[in-house]
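Here is what each chain is made of, one letter per residue.
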Amino acid sequence: MSKLTRSVWAEVSLDNIAFNVRQFNEFIGPDCELMAVVKANGYGHGALETAYTMIANGTNWLAVALPEEGVRLRRGGITAPILVLGAVGADELDVCVAADLAVTVFEPHIARLLSQAAAAQQKSAKVHIKVDTGMGRLGLLPKDFGDLVELVRSLPGLEIQGVFTHFAQAEQEDLEYTRRQWERFQKVREDLRARGISIPYTHAANTAAALFFPESHLDLVRVGLGIYGMYPDARRPLELKPALSLKTRVAFVKRVPAGSAVSYNSTYVTERETSIAVLPIGYADGLARGLSNKGKVLIAGTLCPIVGMVTMDHTLVDVGDLPVSIGDEVILLGSDGTNCIHAHDWADLLGTINYEITSRLSSRVERVYK
Ligand SMILES: Cc1ncc(COP(=O)(O)O)c(C=O)c1O
């Protein structure tokens, strides 16, 4: 059977990913390493394909959220060190040891179980111990951290590769909260030094901290958003190139008279005779329903409004008097050389963040690598 191709696809520019990796490496300098965060299918860009490009261009580490994401990378042939950032369940530890995935540890019970899993496989398990300095999510509070590190050091089969924390608001122009987190992290590091403990990698920075709070670079930075060419806010201290474009083709176009209602609930009624283009993409693909009567797409060099409700599989666009035909290419995210629609444009309309836009592009959208 010939390959089925649907006319909805995400073009991922591996050149732009390579460019972004090189930009970050230059920015952080030779004493700091780059950990590329490829969780959630590489923020929607495709974890395995982008990981190969990242590694070929100077990324030393990868990070995922789930063990199964790490296993998929291993099965795809990735041999670089991989850190699982999320909470690993007791029944996932064996897999982490077998696939040589470093585990984030923040409490004693899972550390003991990981030590047992390592012993059972006669391997050593890599560990990064996480301290919560103010994110309020995973991580042990600073006052208990030194004791946990001592415990993990005493358990057989565990190799502590790193200690780390995560910033809650490094994208804010006011860095007061971030500095407070940073000071708490410094105290943790001093406590470890006072105990005579030295750990190979200390890390804290995500994209925002890497860009806006360079003193937090330490031994490595964990960069997700920026590697894909997106920014945490409007500031641009480093040139990055967006890697993903979302495209489709016009499935149908129809000339309609004034007063024609469009899509569910008839929320849009044409004011004059116009052409409505039907796009074969909807919210099941990740084109958020919240863009109904708000978003725009690029057709034939023109920004045209999405009209009526976005439906599960179809979206309607008022193309006015533009000469649009079935099969014409439509850009939903990306550039036509003149205009550009960014993930953050959607995010602004939707009251969310650019992370959510690309990571929610569904598996129905074919990824095409250029
Ligand atoms: C612990 C941790 N580190 C780093 C990152 C990467 O963040 P960013 O995409 O902002 O660079 C994330 C992403 O959520 C994370 O959870």
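Higher on the page you've got the structure.
The following paragraphs examine the structure supplied in this document. (Residues numbered from 1 in each chain as written. Predicted model: local features only at pLDDT ≥ 70, side-chain atom pairs only at ≥ 80, totals over all residues. Heavy atoms only, no water.)

Some words on the pairing of strand β3 (residues 61-64)
Every second residue of β3 is oriented toward a common face, with W61 and A63 on one face and L62 and V64 on the other, all of them buried. Bridging between strand β2 (residues 33-37) and β3 involves 3 bridges; their strand directions are parallel. Looking at the pairing, M35 lines up with W61 of β3. As paired elements, β3 and strand β4 (residues 82-84) share 3 bridges and run parallel to each other. (Buried < 20%, exposed > 50% of the residue type's maximum accessible area, 1.4 Å probe, protein only. Helix = DSSP H or I, 4+ residues; strand = E, 2+ residues; numbered from the N terminus. Pairing = 2+ DSSP bridges.)

Some words on the packing of aromatic side chains
Counted according to the given criterion, the structure contains 5 aromatic pairs. Taken together, a centroid distance of 5.8 Å and an interplanar angle of 85° make the contact between W182 and F213 edge-to-face. Of this pair, W182 sits in helix α8 (residues 176-194) while F213 sits in the loop between α9 (207-212) and β9 (220-223), and the two are 31 residues apart along the sequence. Under the relative-accessibility criterion, W182 is labelled buried at 11%. In textbook terms, an aromatic cluster arises when at least three aromatic residues are bridged by ring pairs, as seen for Y43, Y228 and Y355. For R236, the ring lying beneath its charged end belongs to Y231, and the centroid distance is 3.9 Å. Here the guanidinium or amino end of K241 rests over the ring plane of F19, the centre of that ring lying 4.2 Å away. (Phe/Tyr/Trp six-rings, centres within 6.5 Å; stacked < 30°, edge-to-face > 60°. Lys NZ or Arg CZ within 6 Å of the ring centre and 35° of its normal.)

Side note on the nonpolar core
Ranked by internal contacts, the top residues of the largest apolar core, which has 116 residues, are L73, L114, I129, F145, V152, V297 and W346. Inspection of this core shows a minimum of three residues originating in each of domain 1 (14-228) and domain 2 (244-369). Ignoring any residue separated from it by four or fewer positions in sequence, one finds L114 in contact with L93, V97, V103, V105, A125, V127 and L158. Of all hydrophobic cores here, the second largest spans 6 residues; its members include V256, V262, I276 and L316. (Core = buried A, V, L, I, M, F, W, Y, C linked by side-chain atoms within 4.5 Å. Domains from an automatic or database assignment. Contact = heavy atoms within 4.5 Å.)

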